[in-house]
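Take a look at the letters that make up each chain.
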Amino acid sequence: MSTENRKFNVAVAGATGAVGGAMLDVLARKNFPLNELRLLASARSVGKKLTFRGEEIAVQEMTEDSFKGIDIALFSAGGDRSLRFAPAAAAAGAVVVDNSSAFRMDPEIPLVVPEVNGHAIAQYKKRGIIANPNCSTIQMLVALKPLHDKYRIKRIVVSTYQAVSGTGAKAIEELRAQILAYAADEKMVHKVYPHQIAFNCLPQIDSFLDNGYTKEEMKMVNETRKIFEDPTIGVTATTVRVPVFYGHSEAVNIETERKVTAAEAKALLRNAPGVELVDEPTLGRYPMAIDCAGRFETMVGRIREDDSIANGLNLWVVSDNILKGAALNAVQIAEVLIRDYL
C-alpha cells in the first residue's frame, strides 16, 4: 500500500521514560508521517510538557479510554501496564507495538525484528499487538540472520556485557553516583543492584530460575527460537551487567551446518540490513559501546573462525540498547505497518 501523503495518529505510552523519550527521538529522526502525537504516562506526569520537533506537547494520563482514534500505539510503560492497557488500545482500533516482556512468548502475538522476521508482522491481526523482543536478543539476531539463512546455525553460545541503561534511569544514576563517590574517596552505596556496579561486573540480570539461569538468559533462548521459527536451535546464554552507561556488547559463538569462513561471513554482513561491519582489529577498529550510543546500526566485528570445532565462528556484536534494542525496533515495526498493512 502506498503511504504517500498519508499521516497517522500515534500514541507513545510511557512517554516520560528513557525508552519513551527515545521513541520520540526516533520518530523525529525518521520523519515519521504524523497527524497527531499523543503522549501518555502515569497520573504523576500529567501536565508535564515534552518537546517534539520544536513543539511542546502536554503529557496525558493513560487510561483505557486514551486510544480512541489512534492508529499505532508504541508502548514502553512496563509489563503490568501493557497487560492492562494494550488490549484496550487494540480494542479501540490501534495496533500496539509493545516493548515489555508481557506478550513476547504468547503464540498468538508476533515477536518481531524487522530485519529478521518482518513477515511475522502480518500476524498482528489476531490480537492487534506486536511484541518487541528483548534488547540483547534483537542485536544478536540482526547480526546472525544472514548467516542463519545461508549456513543454518545449529547452536549459539552468547555472553553479554550489558549497560546499566537497560535497567533504567535509577541505575544510570546509581553508577554515576558510585563513580563520583569513588573519586571523592567516599562510601559507594547500592540500591538498584544487589552489589556495587561501578568497577565491577555482575553475572546476574533479572532473577534466577530453578535451572540456574536468569530470566534474561532464558529470554534470549526462547525469543531466538521463536523469531528464527526454529525450536531445535541450541542456545545458551550468560548475561552480565557491566559499568557502562549505554550500549550492550555480546561475544557470540555459533556452530553452523555448513562451513562458513571468516571472509565469507564478513562479505555477507558487510551489506546486511541494519548491520555495520567494523572489523579491522590490527588498526584498532572493532565495535565498542562508546561508539554505538545514538547509532541506529548494530555493529559487528572480531569475526574469526572457531578452530575448536569444524563449523564454528566467533563474532563481537555491539548496539545501542535504548535505540535498536527498544525504541528504534518499535518504530521500524510501525514503518512496516504503515507501508504494508494500514
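Residues numbered from 1 in each chain as written. Predicted model: local features only at pLDDT ≥ 70, side-chain atom pairs only at ≥ 80, totals over all residues. Heavy atoms only, no water.

For the rest of this paragraph, the subject is the pairing of strand E14 (residues 312–319). When you tally the buried positions in E14, you get seven out of eight residues, the bulk of the element. Strand direction decides the pairing type here: strand E11 (residues 248–256) and E14, joined by eight bridges, are antiparallel. Bridge pairing in E14 places glutamate 255 opposite glycine 312. Where strand E13 (residues 298–306) and E14 come together, six bridges link them in antiparallel fashion. Paired with aspartate 306 across the strands is glycine 312, a residue of E14. Connecting the antiparallel pair E13 and E14 is a turn made up of five residues. (Buried < 20%, exposed > 50% of the residue type's maximum accessible area, 1.4 Å probe, protein only. Helix = DSSP H or I, 4+ residues; strand = E, 2+ residues; numbered from the N terminus. Pairing = 2+ DSSP bridges.)

Next up on the list: the packing of helix H4 (residues 135–151) against helix H9 (residues 323–340). In helix packing, the relevant descriptors are the interaxial angle and the interaxial distance, both defined with respect to the helix axes. The geometry of H4 relative to H9 is characterised by a closest axis approach of 8 Å and an angle of 85 degrees between their N-to-C directions. Taken together, H4 and H9 sit at an angle that is classed as roughly perpendicular. For the pair H4 and H9, the contacting residues are Cys135, Ile138 and Val142 in the first and Lys324, Gly325 and Asn329 in the second. Residues that form the contact of H4 with H9 fall into these classes: three nonpolar, two polar and one charged. (Axes fitted to C-alpha atoms, helices over the stretch in contact; angles between N-to-C directions. Parallel < 35°, antiparallel > 145°, perpendicular 65-115°, else oblique. Contact = heavy atoms within 4.5 Å. Nonpolar A, V, L, I, M, F, W, Y, C, P; charged D, E, K, R; others polar.)

Our next topic: H4. Here H4 contains 17 residues, and its C-alpha end-to-end distance of 24 Å stays within 8% of the 24 Å for a straight helix at 1.5 Å per residue. At leucine 144, H4 shows its strongest bend, of approximately 45 degrees, with the proline proline 146 following within four residues. In terms of burial, H4 is largely enclosed, as 14 of its 17 residues are buried. Positioned one or two residues after H4, arginine 152 has a phi angle of 50 degrees, which is positive. (Expected span 1.5 Å × (residues − 1). Bend = angle between axes of the 7 residues up to and from the residue.)

Topologically, asparagine 9 is positioned in strand E1 (residues 8–13). The exposure class of asparagine 9 is buried, given its relative accessible area of 14%. At a separation of 2.8 Å, a polar atom in the side chain of asparagine 9 contacts the side chain of asparagine 35. (Polar contact = N/O pair within 3.5 Å; in protein donor to acceptor, adjacent residues only side chain to side chain.)

All right, on to the pattern of salt bridges then. If you walk through the whole model with that rule in mind, you get 19 salt bridges. For lysine 145, the salt bridge goes to aspartate 149, with nearest N and O atoms at 3.0 Å. Here lysine 145 and its partner aspartate 149 are both found in helix H4, four residues apart, which amounts to about one turn of the helix. A salt bridge links glutamate 255 to lysine 154; its shortest N-O distance comes to 3.9 Å. Of this pair, glutamate 255 sits in strand E11 while lysine 154 sits in strand E9 (residues 153–162), and the two are 101 residues apart along the sequence. Within this structure, Asp106, Glu108 and Arg127 form a network of salt bridges that share partners. (Salt bridge = Lys/Arg side-chain N within 4 Å of Asp/Glu carboxyl O.)

Further remarks concern the side chain of asparagine 117. Residue placement: asparagine 117 occurs in helix H3 (residues 114–117). Of the residues examined, asparagine 117 reaches a relative accessible area of 2% and is grouped as buried. In this structure the side chain of asparagine 117 is engaged in a polar contact, spanning 2.8 Å, whose partner is the backbone oxygen of leucine 111. A polar side-chain atom of asparagine 117 sits 2.9 Å from the main-chain amide nitrogen of valine 113. Not counting residues within four places of it along the chain, the set of residues in contact with asparagine 117 comprises Leu111, Val112 and Ile227.

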